[in-house]
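Summary of the model geometry
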Amino acid sequence: MTTPKRIQVSDAKLEITQTKSTIGGKQNQKDTLRSLGLKHIGDSVVRTADAVTVGMINTVPHLVKVEEAK
């Protein structure tokens, strides 16, 4: 049984902030954060919650904090 993913596809804008380092992480996790535009802890980007972005967020949920953008 798998746990459901937290983020769903919608038209909402999401503010994604990197909260943890990629040191010691898998290469695909490092690449995913880089593709989101996150390089350092504390970096933030605003993206729409389309299928691609949601998939990337669900790949690294333990490294990022996601909030709805204001």
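Residues numbered from 1 in each chain as written. Predicted model: local features only at pLDDT ≥ 70, side-chain atom pairs only at ≥ 80, totals over all residues. Heavy atoms only, no water.

Taken together, the buried positions of helix H1 (residues 27–36) are Gln29, Thr32, Leu33 and Leu36. Down the axis of H1, the buried set is contained in an arc of 95°. They therefore lie on one face. For H1, the elements touching its buried residues are strand E1 (13–18), strand E2 (44–48), helix H2 (51–59) and strand E3 (64–68). In the segment just after H1, Gly37 is the residue with positive phi, at about 95°. (Buried < 20%, exposed > 50% of the residue type's maximum accessible area, 1.4 Å probe, protein only. Helix = DSSP H or I, 4+ residues; strand = E, 2+ residues; numbered from the N terminus. Arc of directions from axis to C-beta. Contact = heavy atoms within 4.5 Å.)

Moving on, we come to the environment of Ile16. Positionally, Ile16 belongs in strand E1. In contact with Ile16, other than residues within four places in its own chain, are Leu36, Leu38, Asp43, Ser44, Val45, Arg47, Thr53, Ile57, Val64 and Lys65.

What follows covers H2. Among all positions in H2, only Thr53, Val54, Met56, Ile57 and Asn58 are buried. Packing partners of the buried residues in H2 comprise E1, H1, E2 and E3.

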